[in-house]
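Architecture and fold: a report
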Amino acid sequence: VVTESKPVAKIGDTGYATLKAAFDAAKDGDTINLVSNVTMTEKITINKSVTLNAAYHTITGVSDNADVNFEITGGTFTVKDGTFTGFGDKITTVDKAAVFKIPSTASNARIEATIVTVKNFNRAAFDVRSGSFKLTDCQIDCDNGQDQRLTKGVVAGYDTAAVTGTLSYCRINGAKSDYKGWSAS
């Protein structure tokens, strides 16, 4: 909880100095409202239903660490109105890396994203290996300017788990990367 410094996120009237602190404090059904641009320095694990209203701010990851991301292991993570950039984009491709990911071990996990832009990332913007997804009016820019990085917009059901989902009015740009015989397109 923030006492003297300006908060980056709020749940109701309570301010938090970091986005992770807000997620840690959130209860099932809460909405976290960003009040400024923010840099994430560690992974945020989501195991309950929570909404992130980015309020048209930018969330920046760590360019040299693909382990800083949003991992949904249960519940529904709803994210809207924000830009996500710099999530491991400067390092060699890391298997199963993503800005938003639901691992195959997740239980009843879902991601819903509306008016979200994802750019400058490692491997995938959304990697859904279990559960479900709904992406609406999202823009994913796969061209991170590096020819030795495989980038994909959405990975769905890559493992043996069944996955369901929809993409509506989404744009996936720059799917030109070629890495070890894999094409992002």
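The present account deals with the structure reproduced in this document.

Cut-offs and rules
- Residues numbered from 1 in each chain as written.
- Predicted model: local features only at pLDDT ≥ 70, side-chain atom pairs only at ≥ 80, totals over all residues.
- Heavy atoms only, no water.
- Pairing = 2+ DSSP bridges.
- Helix = DSSP H or I, 4+ residues; strand = E, 2+ residues; numbered from the N terminus.
- Axes fitted to C-alpha atoms, helices over the stretch in contact; angles between N-to-C directions.
- Core = buried A, V, L, I, M, F, W, Y, C linked by side-chain atoms within 4.5 Å.
- Buried < 20%, exposed > 50% of the residue type's maximum accessible area, 1.4 Å probe, protein only.
- Contact = heavy atoms within 4.5 Å.
- Salt bridge = Lys/Arg side-chain N within 4 Å of Asp/Glu carboxyl O.

Here we take up the sheet that holds strand 7 (residues 70-72). Across the sheet, which stays open at both edges, the 5 strands sit in the order 5-7-9-11-14 with parallel pairing between neighbours. Taken across any chain shown, the strands that pair with only one partner, and hence form the sheet edges, are strand 5 (44-46) and strand 14 (151-156). When strand polarity is set aside, the average angle formed by the axes of neighbouring strands in this sheet is 15°. For strand 5 and strand 7, the ladder comprises 3 bridges, and the chain directions are parallel. Residue pairing in the sheet places isoleucine 44 in a bridge with phenylalanine 70 of strand 7.

Counting residues in hydrophobic clusters, the biggest one holds 43 residues, and the most contacted among them are Leu19, Phe70 and Phe77. Sequence-distant contacts of leucine 19, that is, excluding residues within four places in its chain, are made with Val8, Ala9, Ile32, Leu34, Val38, Met40, Ile44, Leu52, Ile59 and Phe70.

Okay, the pattern of salt bridges next. All chains considered together, the criterion is met by 6 salt bridges. Across the pair aspartate 24 and lysine 20 runs a salt bridge whose closest N-O atoms are separated by 3.2 Å. One end of the pair, aspartate 24, and the other, lysine 20, are both in helix 1 (residues 19-25), 4 residues apart, so they sit about a helical turn from each other.

Another point: the pairing of strand 12 (residues 131-136). One ladder, built from 5 bridges, connects strand 10 (residues 107-121) with strand 12; its direction is parallel. Following the sheet pairing, arginine 110 is matched in strand 12 by serine 132. Where strand 12 and strand 15 (residues 163-168) come together, 6 bridges link them in parallel fashion. Its bridge partner being in strand 15, leucine 135 is matched across the sheet by leucine 167.

What follows is about the environment of serine 36. Relative to the helices and strands, serine 36 resides in the loop between strand 3 (31-34) and strand 4 (38-39). Sequence separation between serine 36 and alanine 9 is 27 residues; the distance between their C-alpha atoms is 7.4 Å. Excluding residues within four positions of it along the chain, serine 36 makes contact with Pro7, Val8 and His57.

Our next topic: the environment of isoleucine 111. Looking at where isoleucine 111 falls in the secondary structure, it is placed in strand 10. You can call isoleucine 111 buried: its relative accessible area is 1%. Spatially, the C-alpha atoms of isoleucine 111 and threonine 76 are 5.7 Å apart, while their sequence positions differ by 35 residues.

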